[in-house]
Amino acid sequence: MFGLGNNGATKHLFSIRFQLFYSTAAAGASSRANVLVEFMVNSLGFSTKEAISTSSKVTRSRLRNYEPHLLLDLFHKVGMNKTQIKTLVSSSPEVLFSHIDKNLKPKIRVLQELGLSGSDLVTFINKSDFLTRGLHTTIKPSLDYLREYLGSYDAVARIVKKEPRLLSNNLPKVIPPNILLLQNLGFSLGDIETVFNRRPRYLLNNPEWIERVVNQAEKNFNVPRESRMFLHAIEALVSLDESKLERKLDIFRSFGWSDSDISAMVRKLPYCLTSSEAKITSTLKFFMTELGYEPSYLASHAPLLKYSMEKRVKPRNEILKFLKENQLIKGKLSLYTAVSSPESRFRKKYVLPFKEKMPELYDLYIKNTS
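Computed from a predicted structure; not experimentally measured. Throughout this description, residue numbers start from 1 for each chain and increase along the sequence as written. Confidence filtering applies because this is a predicted model: local features only for residues at pLDDT of at least 70, side-chain atom pairs given and counted only at 80 or more, and all residues used for totals across whole chains, interfaces and linings. No hydrogens and no water enter the side-chain calculation; it runs on all heavy atoms of the structure.

Draft legend 1. Spatial organisation of the overall build of the chain. Across its full length, the chain holds 20 helices and 0 strands. Only protein chains enter the area calculation, which uses a 1.4 Å probe; residues under 20% of their type maximum are buried, those over 50% are exposed, and those in between are partly exposed. Out of the 370 residues in the chain, the part that is buried amounts to 41%. Contact definition: two residues touch when any of their heavy atoms are within 4.5 Å. When contacts within the chain are restricted to residue pairs at least 6 apart in sequence, those whose partners lie at least 24 apart make up 70%. Accessible surface computed for the chain: about 20,400 Å², of which carbon and sulfur atoms make up 51%. Put simply, DSSP marks the helices as runs of H or I at least four residues long and the strands as runs of E at least two long, and each gets a number from the N terminus on. Using a 1.4 Å probe, the Shrake-Rupley method yields the accessible areas, and only the shown protein chains count as cover for residues.

Here you go:
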């Protein structure tokens, strides 16, 4: 009646079957996705919106390999709480579909063999995408490389605790070109290892970036190669992309700092550049607007810019101000000297002898610095 021959009828029947199969499969995938959302809401503390957003990052094929309760049991056994598991799943939802025995347990065992347990193990897992990396393609080759480079598994354990993201990289490919570059630029292997131990991420950048940073430290900020601050300057700069660095420099300039003032600060303490933009702004407001310090003084006393304002600088400044106003101590009181002093020395010299004369201020100081 509709002009369908045998071949046409066959094609039509196949089309109907395919549509039925597809709609059934789609319904099944949709159902599994709903179960996933419910699991994240009920078991991990996600909001419905968060759960839908996170589950949308997962492909439908993965939904078939889903063992949520086994996963929770494993993570609870290694010491993770619900909030920590939620953080992990938010950043790496694919971990929900990893094979527990073949994938996750062997990776966690590697960390345990390094001596990581309890909070160290939990911190490591949450600070890296380690569990999504290949055990034999990335993790074990990187551990073998670190063992050879650092000399012992104790040293490897210390370094990976410090920087969990190391094992998310293929270290035998990433690190050697950077070591060779730095050697060609005149750095000794001892210097390079020192920097790596202080800031392991330093050698994870591409060589072109490191070379740019070396030139920037030397030419833009006039830090001499022979200066003990040169490696520190590279460490500070290597973590800053050009736009972020320029924004921070503009903050200093907005407070009247010249480029020579900024260079003097970097030569004194390069890590001033690693403070957040908000921290730089609030610190400069306090020292320059409230206390009237000049850029040249702050540049030559750069550690002032790195101390905690709320727990160190401001409480100690209040103590000194009280002592000056009440003439309780003879001689000139230097905020820089006071702020630079260890807490025990500061309390012994400036706080405890005058405890009875400033009970309220004493209580406030103890509260703010404890």
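Draft legend 2. Molecular detail of the packing of helix α9 (residues 171–184) against helix α10 (residues 189–198). Throughout, an axis means a line fitted to C-alpha atoms (over the contacting stretch in the case of helices), and angles, computed between N-to-C directions, take values from 0 to 180 degrees. Put simply, α9 and α10 touch, their axes get as near as 10 Å, and they point 130° apart. In terms of orientation, α9 lies oblique with respect to α10. Once α9 is placed against α10, the crossing between them reads as right-handed. Contacts between α9 and α10 involve I175, I179, L182 and Q183 from the former and L189, I192 and F196 from the latter. Following the grouping adopted for this structure description, the nonpolar residues are Ala, Val, Leu, Ile, Met, Phe, Trp, Tyr, Cys and Pro, the charged ones are Asp, Glu, Lys and Arg, and the polar ones are all others, Gly among them. For the contact of α9 with α10, the residue count by class is 6 nonpolar, 1 polar and no charged. Roughly parallel refers to an angle under 35 degrees, roughly antiparallel to one over 145, roughly perpendicular to one between 65 and 115, and oblique to any angle outside these ranges. For any pair of crossing helices, the crossing counts as left-handed if the nearer helix is rotated counterclockwise from the farther one by less than a right angle, and right-handed if it is rotated clockwise.

Draft legend 3. Representation of the environment of T194. Here T194 lies in helix α10. Here a polar contact is recorded for every N or O atom pair within 3.5 Å, except that within protein the pair must consist of a potential hydrogen donor and a potential acceptor, and residues adjacent in sequence are included only if both atoms are side-chain atoms. At 2.9 Å, the side chain of T194 forms a polar contact with the backbone oxygen of G190.

Draft legend 4. Summary view of helix α2 (residues 48–55). Those residues of α2 lying buried are A51, T54 and S55. One face of α2 carries all of its buried residues, which in axial projection span an arc of 95°. Relevant arc is that of directions from the helix axis to the C-beta atoms, nothing else.

Draft legend 5. Layout of unusual backbone geometry. Although it is not a glycine, N222 sits at a positive phi angle of roughly 55°. With respect to the helices and strands, the residue N222 is situated in the loop between α11 (207–220) and α12 (230–237). Classification of N222 as partly exposed rests on a relative accessible area of 44%. For Q327, which is not glycine, the phi dihedral falls at a positive 50°. Note on Q327: relative accessible area 71%, which makes it exposed.

Draft legend 6. Quick peek at the packing of aromatic side chains. Two rings from Phe, Tyr or Trp (for Trp, the six-membered ring) form a pair when their centres sit within 6.5 Å of each other. Planes less than 30 degrees apart are called stacked, planes more than 60 degrees apart edge-to-face, and all others tilted. Scanning the entire structure with this criterion turns up 10 aromatic pairs. Centroid distance F286 to F287: 5.4 Å. Interplanar angle 75°. Geometry classified as edge-to-face. What makes F287 buried here is its relative accessible area of 0%. One aromatic cluster in this structure is built from F286, F287, Y293 and Y297. Note on geometry: a ring has a charge over it if NZ (lysine) or CZ (arginine) is within 6 Å of the ring centre and within 35 degrees of the ring normal. If you follow R316 out to its NZ or CZ, it ends over the ring of F346, 4.6 Å from the centre.

Draft legend 7. Summary view of the environment of E277. Along the chain, E277 falls in helix α15 (residues 277–290). Its relative accessible area of 28% is what places E277 among the partly exposed residues. Sequence-distant contacts of E277, defined by excluding residues within four places in its chain, comprise R247, K248 and I251. Among the polar contacts listed, one links the side chain of E277 to the side chain of R247, at a separation of 3.0 Å.

Draft legend 8. Focus on the nonpolar core. For the purposes of this section, nonpolar cores are sets of buried Ala, Val, Leu, Ile, Met, Phe, Trp, Tyr and Cys residues that join through side-chain atoms within 4.5 Å. Core analysis: the largest hydrophobic core is formed by 112 residues, its most contacted members being W257 and M265. Of all the elements, helix α7 (residues 135–150) adds the most residues to this core, at 7 residues. Segment limits for the domains were obtained from an automatic or database-derived domain assignment. Two domains share this core, each providing at least three of its residues, namely domain 1 (215–279 + 289–306) and domain 2 (313–369).

Draft legend 9. Local environment of the side chain of T283. You can see T283 is positioned in helix α15. Look at T283 and you get buried, because its relative accessible area is 1%. In this view, T283 contacts L304, L305 and M309; residues no more than four positions away in its chain are not counted.

Draft legend 10. Molecular detail of the pattern of salt bridges. Salt bridges are counted wherever a side-chain nitrogen of Lys or Arg sits within 4 Å of a carboxyl oxygen of Asp or Glu. With the rule as written, the count across this model stands at 18 salt bridges. Between R165 and E163 there is a salt bridge, with its nearest N and O atoms 3.1 Å apart. For E163, a relative accessible area of 5% gives the class buried. Because the salt bridges share partners, they merge into one network encompassing E246, D250, R253 and D259.

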